[in-house]
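Coordinates in review
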Amino acid sequence: MEDMILYNRLQFAFTITFHYLFPQLTMGLSLMIVYFKWRFLRTQIVAYNDAAKFWMKIFALNFAMGVVTGIPMEFQFGTNWAKFSELTGGIIGQTLAMEGMFSFFLESSFLGMFIFGEKLMGQKMHFLAGFMVFLGSWASGYLILATHSWMQHPVGYEVLENGKFVLKNFSALFSNPWLLPSYLHNQAGSLITSAFFVSAVGAFYVLSNSHKEYGKLFLKTGVVFGLIASIVVAFPTGDLLAKNVVKYQPVTFAAMEGIFETEHGGSEIILIGQPDMENKKLDNKIAVPNVLSFLTHQRWDATIKGLNEFDESIHPTNVPGLYYAYHIMAGLGTIFIGIMVVATFLLWRNKLYQTNWILWILMFMIPFPYIANTAGWYTAELGRQPWLVYNLMRMVDGVSPTVSSGNTLFTLLGFVGLYILLGLLFLMLVLKIIRKGPEAPLALK
């Protein structure tokens, strides 16, 4: 049974990690495309329109890859996690069905109109098509996060005698106190990925002296969006989400922060340290006294419970993994703020485009927002363990009893091989689009 659970978790973790590489770019990029199109309508500067169409090509490619890699996860609910689907399908099936029926079709339909219908529709309707793509993209994220939030903090449910969960209050799904902070935090993280991606392409164009005017446009837009998103992802969204974890999942919060023993009179915030699970402590830690208490309760002397306060049966199953994932996310988020503050200052001083060292930093930062967003999702998922539905259904109760560990391992290896090929193809196509650049070599005026 343990092998079966492990392989099921590994398979879903791999497929969803690879899948989320694509939506996290498209959600933020859709907003930036709407911005470019709006700027074109306001200024009639053709370069803004070319920028919108250029980035929509990359959006479309990411969208296609997201669809292809998202479908296998739907099947895993019915194969690897059939018991979970059987018991909770009356609740999670509703939001997932809404995401597929409404958001996906809205996004895909208007995506085609935006790419192929500019001359037929006119510029205002073309802008509307881009806005509907943005709306569908963000609605999709909202409905998926509604599902995820219910698993983290179940509300509005009733358990029948046969063990099945049914929804007795539909509106509770969308008034879940876990949902809004989680959604806004996720969308801000997506916008960081998109802003750094746009900035990196702009830096590449400026450094290589190709499509230089577009490079400046991409840099300016990416840096401004990146600064706003990097701040928002920390405060207020990250702060609100952390307070939710303190309130509803205190054992998870203790593991995230590496608090093994309750500290009365104020809890320190750990900057660096390595969990020692055998001796229940952090090695080589660097900490700032009382700061964690202030951040979570606005009191320097507030007590935050350590893992010692909770029965080990409800401890997260991988405390070191959770601790490192959280600190990687938080550490990279802090670095993002620093980089974007410096870049914005140089932009304000009209020195950004001539300062090669910051351009090189922006160009090579492309993978790090992906890492930070992935670490953020790992924090959420590892923090919920050992529960599938927090405090209601354990992992062992949701796996399919008829799918063997050997079958799961075999298909996992197949996914790895197939996704490597898909990833290489995707990179080749994206690089081809970037090398070609926007359509017309127009200068901004």
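Overview of the structure. (Residues numbered from 1 in each chain as written. Predicted model: local features only at pLDDT ≥ 70, side-chain atom pairs only at ≥ 80, totals over all residues. Heavy atoms only, no water.)

Of the pockets and cavities examined, the largest pocket occupies roughly 1,600 Å³. What lines the largest pocket is a set of 50 residues, and nearest its centre among them are Phe12, Ile16, His19, Met73 and Ile144. Counting residues per element, the ones that place at least two in the lining of the largest pocket are α1 (2-20), α2 (23-43), α3 (46-78), α4 (82-116), α6 (123-152) and α15 (367-384). Class assignment for the residues of the lining of the largest pocket results in 27 nonpolar, 17 polar and six charged. (1 Å grid on protein atoms, 1.4 Å probe; cavity = no way out; pocket = protein on both sides within 12 Å on 5 of 7 lines; lining within 4 Å. Points joined across faces, edges and corners; volume = space filled by probe spheres on them. Helix = DSSP H or I, 4+ residues; strand = E, 2+ residues; numbered from the N terminus. Nonpolar A, V, L, I, M, F, W, Y, C, P; charged D, E, K, R; others polar.)

A full pass over the atoms with the stated rule returns 39 aromatic pairs. On the numbers, 5.2 Å between centres and 55° between planes, the contact of Phe134 with Trp138 is tilted. Here Phe134 pairs with Trp138, and both are found in helix α6, just four residues apart, close to one helical turn. Joined through ring pairs, the aromatic side chains of Tyr35, Phe36, Trp38, Phe54, Trp55, Phe197, Phe204, Tyr205, Tyr214, Phe218 and Phe225 make up one cluster. Lying across the ring of Trp387, Arg394 places its NZ or CZ 4.5 Å from the centre. (Phe/Tyr/Trp six-rings, centres within 6.5 Å; stacked < 30°, edge-to-face > 60°. Lys NZ or Arg CZ within 6 Å of the ring centre and 35° of its normal.)

This next bit is on the nonpolar core. Counting 69 residues, the largest nonpolar core has Trp55, Ile58, Phe197, Phe218, Leu352 and Leu362 as the members making the most contacts within it. For this core, the leading source of residues is α3, giving 13 residues. Other than its neighbours up to four places away in sequence, Leu352 contacts Leu219, Val223, Ala343, Leu346, Leu347, Ile358 and Leu359. Within the second largest apolar cluster, 27 residues are counted, among which are Leu241, Ala254, Met256 and Leu307. (Core = buried A, V, L, I, M, F, W, Y, C linked by side-chain atoms within 4.5 Å. Buried < 20%, exposed > 50% of the residue type's maximum accessible area, 1.4 Å probe, protein only. Contact = heavy atoms within 4.5 Å.)

What follows is about the side chain of Thr221. With respect to the secondary-structure elements, Thr221 resides in helix α9 (residues 212-234). Those residues in contact with Thr221 that sit more than four places away from it in its chain are Met32, Tyr35 and Phe36.

Moving on to a nonpolar patch on the surface. On the surface, Ile420, Leu421, Leu424, Leu427 and Leu431 cluster together into a nonpolar patch covering about 500 Å² of accessible area. Structurally, the position occupied by Ile420 is in helix α16 (residues 405-436). When its relative accessible area of 49% is taken as the criterion, Ile420 is described as partly exposed. (Patch = residues over 30% accessible without salt bridge, like charges linked within 9 Å, V, L, I, M, F, W, Y side chains within 5 Å. Areas by Shrake-Rupley, 256 points an atom, 1.4 Å probe, with all protein chains shown as cover. Salt bridge = Lys/Arg side-chain N within 4 Å of Asp/Glu carboxyl O.)

Before going further, it helps to examine the pattern of salt bridges. Summed over all chains, the structure comprises nine salt bridges. Put simply, Lys281 and Asp283 hold a salt bridge, and the shortest N to O gap is 3.9 Å. Taking relative accessible area as the criterion, Lys281 reaches 42% and is therefore assigned partly exposed. Given the relative accessible area of 27%, Asp283 is considered partly exposed. Notably, a salt bridge pairs Glu381 with Arg384, separated by 3.1 Å at the nearest N-O pair. Of this pair, Glu381 and Arg384 both sit in helix α15, three residues apart, roughly one helical turn. On the basis of relative accessibility, which here comes to 2%, the residue Arg384 falls in the buried class.

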